[in-house]
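# Structural characterization, general
Each chain, written out:
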Amino acid sequence: MAGEQEEGTTLEFTPTWVVAAVCTVIVGISLAVERSLHFTGEYLKKKNQKPLYEALQKVKEELMLLGFISLLLTAFQARIVKLCVPDDTMKHLLPCSLPSVASSSGGEESLKIIPNSMLHKRRLLAEDSEDYCKAKGKVPLLSLESLHHLHTFIFVLAVVHVTLSVLTVVFGGAKIHQWKHWEDSISRDRCNTEPALKPSFTHVHQHDFIKKRFSGVEKHSALLSWLQSFFKQFYGSVTKSDYSALRLGFIMTHCRGNPKFNFHRYMIRALEADFKTVVGISWYLWIFFILFLLLNINGWHTYFWMAFIPFVLLLAVGTKLEHVISQLAHEVAEKHVAIEGELVVQPSDDHFWFNRPHVILLLIHFILFQNAFEIAFFFWIWVQYGFNSCIMGQVQYIVPRILIGIFIQVLCSYSTLPLYALVTQMGSHFKKSIFDDHVRTGLLGWAEKVRNKKRLRTASDGSSQRCSTEGSAAGIRTSGISSQELAEVQPAYDSENSKD
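All of these numbers come straight from a predicted model, not from anything done at the bench.

## Things to note about the overall build of the protein chain
Helix and strand counts for the protein chain come out as 19 helices and 4 strands. Put simply, the protein chain has 500 residues, and 40% of those count as buried. The contacts of the protein chain with a sequence gap of at least 6 include a subset with a gap of at least 24, amounting to 81%. When the accessible surface of the protein chain is totalled, it reaches about 27600 Å², and 63% of it is carbon and sulfur.

Here it is in structure tokens:
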């Protein structure tokens, strides 16, 4: 009896210093997290990192959703555990084959779950709900301990998903940053060859891009071409010739008037803009989460077989992205033997599934979530129930799942995501918002420098009135800049930034 009173102690008989201490710790941690997110957002806005700032806002939304789910589970747990169902209902679709224990009270038998974790905390409310349902000849729909474990797993899944998504984008971004020396090298070569205005001819089949992407027997067989694309994603997925050809194709299609366009910077900004999609948990992912929980039936080894879904999808996405590069090479090689000027590929949505490059991002989003689910589920079961739990499964099913999860994380970070960032720029449209938000900001800063220089020059000549008029015109022009104007203006902006 004393034990029950101790376990059921309310705030009326709890020392005030205990209540104050616990509240201080909880409130302190919450405020520290909130302030850190706030200052991070202010820093990103100060650095004009709008895509990353929006991604941070997406993380805040996910935290708010988790908080709301937590609130609902806590507020309604007393009612949920008193939802009663017939005993036979609880004997189907079990994740584990558990022993049945005979209950002699009332001459009834009921199937009871006996994990070790149910032998401690929350016993009063749990016993109350069991007694409540037993009086009706039924059993609780969901025990208090099971509700608490579900609550914990949802939180762990969200944290693991956000963490792995951030790591994927960070490592993928690091890989993309390694391509910057290609961008610098191409820009230098253009500067060196620009004075020579003599028209030149390119022998298409002698071009490095064509030789590497349109050579051998695979050019005569679609199957061999797909096989080459499949294996290409594992080694040297993107070469300098690939980057140079795709860069030039993008520039000649979307900003022909600016051959010095910084394609690498644009690609980084586009990836940052997509980051907010990758880090979030969309409604369709929650549906998939519920489907996984539903199919976790004893003997089905559901989580083992489902581990292959992101694995297969990732290989398919990588293969498709590599094949798009090969298709671009094939189109040029099949139409031309020699061309005047440089070899230019033609971007088009037709190269992508359903003519939508955005589908690739949705698949990567699903792959990362499913992989996070597998990893979060493994560690949650390990900590909550132990490695030998029946839900964990046998070792021969556990090891492949972990290896697949690690493989997916590494391949997606260092191959698939960089490929996505580059190849999806080969669609028919470019992301105008990247220009509008980032380049316009840079152009305004550049225009301000130009106005200041003009003011100094005209002040010495005594023509400050003319400078003021030109400065106002420049401000009006940059505030409503179009993509065509951008192609004409940005060379000066790029050259100005290259000095910084």
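Now that the structure has been shown, we can carry on.
## Considerations on the UniProt feature "transmembrane region" (unreviewed entry) in the protein chain
With numbering matched to this structure, UniProt assigns "transmembrane region" (unreviewed entry) to residues 17-37, 63-81, 150-171, 275-297, 303-321, 359-382 and 402-423. Taken end to end, residues 359-382 is 100% helix and 0% strand, and its two terminal C-alpha atoms sit 35 Å from one another. Secondary structure across residues 402-423 divides into 100% helix and 0% strand, with the first and last C-alpha atoms of the span separated by 30 Å.

## Quick notes on the state of the cysteines
Scanning all chains against the criterion turns up 1 disulfide. A sulfur-sulfur distance of 2.0 Å marks the disulfide that ties Cys84 to Cys133. Because the torsion about its S-S bond is -80°, the bridge between Cys84 and Cys133 counts as left-handed. Of this pair, Cys84 sits in strand β1 (residues 84-85) while Cys133 sits in helix α5 (residues 123-134), and the two are 49 residues apart along the sequence. With a relative accessible area of 19%, Cys84 lands in the buried category. Taking relative accessible area as the criterion, Cys133 reaches 0% and is therefore assigned buried.

## With respect to unusual backbone geometry
Positive phi is not limited to glycine here, since Phe354 has a value of about 55°. Here Phe354 is to be found in the loop between β4 (338-340) and α15 (358-385). Residue classification places Phe354 among the exposed residues on the basis of a relative accessible area of 68%.

## Topic: helix α16 (residues 395-423)
Taking 1.5 Å per residue, 29 residues should reach 42 Å; α16 reaches 39 Å between its end C-alpha atoms and fits that length. Largest kink in α16: about 50°, centred on Cys412.

## Some remarks on the nonpolar core
Ranked by internal contacts, the top residues of the largest apolar core, which has 58 residues, are Phe209 and Leu246. Among residues more than four places away in sequence, those in contact with Phe209 are Ser241, Asp242, Ala245, Leu246, Ile325, Ala329, Leu343 and Val345. Counting 28 residues, the second largest nonpolar core, distinct from the first, contains Cys96, Leu157, Ile381 and Ile391.

## Side note on a nonpolar patch on the surface
Nonpolar side chains collect at one region of the surface, where Val166, Leu167, Val170, Phe171, Ile406, Val410 and Tyr414 lie side by side and expose about 580 Å² of accessible area between them. For the nonpolar patch, the secondary-structure elements that each account for two or more residues are α6 (144-177) and α16. Here the nonpolar patch gets 4 residues from one element, more than from any other, and that element is α6.

## Quick notes on the packing of aromatic side chains
Scanning the model with the defined rule gives 35 aromatic pairs in all. Seen from their ring centres, Trp286 and Phe289 are 5.7 Å apart, and the 90° between their planes marks the pair as edge-to-face. In this pair, Trp286 and Phe289 both sit in helix α12 (residues 283-294), 3 residues apart, roughly one turn of the helix. Since its relative accessible area comes to 16%, Trp286 is described here as buried. By relative accessible area, which is 5% here, Phe289 ends up buried. Centre to centre, the rings of Trp382 and Phe387 are 5.8 Å apart; their planes meet at 65°, and the pair counts as edge-to-face. Residue Trp382 is classed as partly exposed on the basis of its relative accessible area of 42%. According to the relative accessible area criterion, Phe387 is partly exposed, its value standing at 32%. These aromatic residues form a ring-pair network of at least three members: Phe153, Trp286, Phe288, Phe289, Phe292, Phe366, Phe373, Phe377, Trp380 and Tyr385.

## Examining the packing of helix α9 (residues 222-232) against helix α14 (residues 308-335)
Contact geometry of α9 with α14 gives a least axis separation of 8 Å together with a crossing angle of 120°. Relative to α14, α9 is oriented oblique. The chirality of how α9 crosses α14 is right-handed. Of the residues in α14, those touching α9 at Ser225, Trp226, Gln228, Ser229, Phe230 and Lys232 are Leu315, Thr319, Lys320, Glu322, His323, Ser326 and His330.

## What about the pattern of salt bridges?
According to the stated counting rule, one finds 4 salt bridges in the structure shown. Put simply, Glu34 and Arg35 hold a salt bridge, and the shortest N to O gap is 2.8 Å. The class for Glu34 is partly exposed, based on a relative accessible area of 37%. The exposure class of Arg35 is partly exposed, given its relative accessible area of 37%. For the salt bridge of Asp184 with Lys180, the shortest nitrogen-to-oxygen distance reads 3.3 Å.

## Remarks on the confidence of the model for the protein chain
Low pLDDT marks stretches whose predicted atomic positions should not be read closely. Of the residues in the protein chain, 73% reach a pLDDT of 70 or more, and the chain-wide mean stands at 75. In the predicted structure, residues 463-489 sits below a pLDDT of 50 and forms 31 contacts with residues beyond four places in sequence or in another chain.

## Side note on the side chain of Asp349
Following the sequence through the fold, Asp349 ends up in the loop between β4 and α15. In this structure, Asp349 is buried with no salt-bridge partner, the nearest side chain bearing the opposite charge being Arg356 at 8.0 Å. When sequence neighbours within four positions are dropped, the list of residues in contact with Asp349 reads Asn355, Arg356, Pro357, Gly427, Ser428 and His429.

About the criteria used
Residues numbered from 1 in each chain as written. Predicted model: local features only at pLDDT ≥ 70, side-chain atom pairs only at ≥ 80, totals over all residues. Heavy atoms only, no water. Helix = DSSP H or I, 4+ residues; strand = E, 2+ residues; numbered from the N terminus. Buried < 20%, exposed > 50% of the residue type's maximum accessible area, 1.4 Å probe, protein only. Contact = heavy atoms within 4.5 Å. Areas by Shrake-Rupley, 256 points an atom, 1.4 Å probe, with all protein chains shown as cover. UniProt positions renumbered as here; feature names shortened; annotations may be inferred. Disulfide = S-S within 2.5 Å. Expected span 1.5 Å × (residues − 1). Bend = angle between axes of the 7 residues up to and from the residue. Core = buried A, V, L, I, M, F, W, Y, C linked by side-chain atoms within 4.5 Å. Patch = residues over 30% accessible without salt bridge, like charges linked within 9 Å, V, L, I, M, F, W, Y side chains within 5 Å. Salt bridge = Lys/Arg side-chain N within 4 Å of Asp/Glu carboxyl O. Phe/Tyr/Trp six-rings, centres within 6.5 Å; stacked < 30°, edge-to-face > 60°. Axes fitted to C-alpha atoms, helices over the stretch in contact; angles between N-to-C directions. Parallel < 35°, antiparallel > 145°, perpendicular 65-115°, else oblique. Left-handed = near helix turned anticlockwise from the far one by under 90°. pLDDT = per-residue confidence, 0-100. Lys, Arg positive; Asp, Glu negative; His and termini not counted.

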